[in-house]
Amino acid sequence: MTLDRERDDLLGTLAEHRFFLRRTADGLTDEQARLRTGASELTVGGTIKHCVAQERIWTDFLVRGAAAHDLPDGAFEAQFVLGPDETLAGVLAELDEVAAATEELVRSLDDLDTDIALPTAPWFPPGARWSRRKVLVHLLAEIAQHSGHADVVREGIDGAKTMG
């Protein structure tokens, strides 16, 4: 497989899963986007906001390494909350912006094999390194997983299903 084809496949699949994530918000008001429909704290708006933040962090990781994961206290938790001064339209616009930035960055990479040291964290083995490719696959999995979460929350709001 050529590098261009691999990039096309990764970026295309990321775009597909962002589409499904975006679709979970179709027709929702800001108030609905903040609704919890189960025992968890997840909301459609907060889940989209988290995906935007994670895409920014992981693409920044491709550039700056582990320092991209240095977040201020409370920043991770705040990723899941669509605040009172934030709108669903705003986080959807940010989703578009981060998607364009990811596309530009990935197309500029000369290879996907370069390894980058992961930050020290309990969920990463000590000294672990990921290739740029694995970072993109991880990002893809993150967006796909959270798209499913948002779909379940949306179904609890009004019965709408992303795939149905």
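First, a word on scope: everything that follows refers to the structure included in this document.

Parameters and conventions
Here the residue numbers are simple positions, counted from 1 along each chain's written sequence. In keeping with the predicted nature of the model, local features appear solely for residues at pLDDT of at least 70, side-chain atom pairs appear and are counted solely at 80 or more, and the whole-chain, interface and lining totals rest on all residues. Based on all heavy atoms of the structure, the side-chain values leave hydrogens and waters out of the count. We call a set of buried residues a nonpolar core when its members are Ala, Val, Leu, Ile, Met, Phe, Trp, Tyr or Cys and they connect through side-chain atoms within 4.5 Å of each other. A 1.4 Å probe rolled over the protein chains alone gives each residue an accessible area, and that area as a share of the maximum for its type sets the label: buried under 20%, exposed over 50%, partly exposed in between. Only DSSP runs of H or I reaching four residues or more are called helices, and only runs of E reaching two or more are called strands; each is numbered from the N terminus. Two rings from Phe, Tyr or Trp (for Trp, the six-membered ring) form a pair when their centres sit within 6.5 Å of each other. Planes less than 30 degrees apart are called stacked, planes more than 60 degrees apart edge-to-face, and all others tilted. Here the axes come from fitting lines to C-alpha atoms, over the contacting stretch only for helices, and the angles between their N-to-C directions go from 0 to 180 degrees. Any angle from 65 to 115 degrees is called roughly perpendicular, while one under 35 is roughly parallel, one over 145 is roughly antiparallel, and all others are oblique. Here a crossing is taken to be left-handed if its near helix is turned anticlockwise relative to the far helix by less than a right angle, and right-handed if that turn runs clockwise. Here, residues are in contact when the closest pair of their heavy atoms is within 4.5 Å. Only Asp, Glu, Lys and Arg are considered charged in this grouping, and only Ala, Val, Leu, Ile, Met, Phe, Trp, Tyr, Cys and Pro are considered nonpolar; every other residue, Gly among them, is considered polar.

A general feature of soluble globular proteins is that nonpolar side chains tend to end up buried together. Counting 22 residues, the largest nonpolar core has Trp58, Phe61, Leu62 and Leu118 as its most contacted members. At the level of secondary structure, the elements contributing two or more residues to this core comprise α1 (3-23), α3 (44-64), α5 (88-108) and α6 (132-158). Among the elements that make up this core, the one with the highest residue count is α6 (five residues). In this structure, Leu42, Leu88, Leu92 and Val153 belong to the second largest nonpolar core, which totals 18 residues.

Attention now goes to the packing of aromatic side chains. Enumeration over the complete set of coordinates arrives at seven aromatic pairs. Judged by centre distance (6.4 Å) and plane angle (85 degrees), the ring pair of Trp58 and Phe124 falls under edge-to-face. Of the two residues, Trp58 is situated in helix α3 and Phe124 in the loop between β1 (115-117) and β2 (129-131); the sequence distance between them amounts to 66 residues. Here Phe124 falls in the buried class, since its relative accessible area comes to 13%. Between the aromatic rings of Trp58 and Trp130, the centroid separation amounts to 5.4 Å while the plane-to-plane angle is 20 degrees, which identifies the pairing as stacked. One end of the pair, Trp58, is in helix α3; the other, Trp130, is in strand β2, and 72 residues separate them in sequence. For Trp130, a relative accessible area of 12% puts it in the buried group.

This part takes up the packing of α1 against α6. How two helices sit against one another is set out by the angle between their axes and by the gap between those axes. Interhelical geometry of α1 versus α6 gives an angle of 15 degrees and a closest axis separation of 8 Å. Looking at the two axes, α1 sits roughly parallel to α6. Where α1 crosses over α6, the two elements pack in a sense that is left-handed. Counting all contacts with α1, which are made through Glu6, Leu10, Thr13, Leu14, His17, Arg18, Phe20, Leu21 and Arg23, the residues of α6 involved are Arg133, Leu136, Val137, Leu139, Leu140, Ile143, Ala144, His146, Ser147, Ala150 and Arg154. Residues of the contact of α1 with α6, tallied by class, amount to 11 nonpolar, four polar and five charged.

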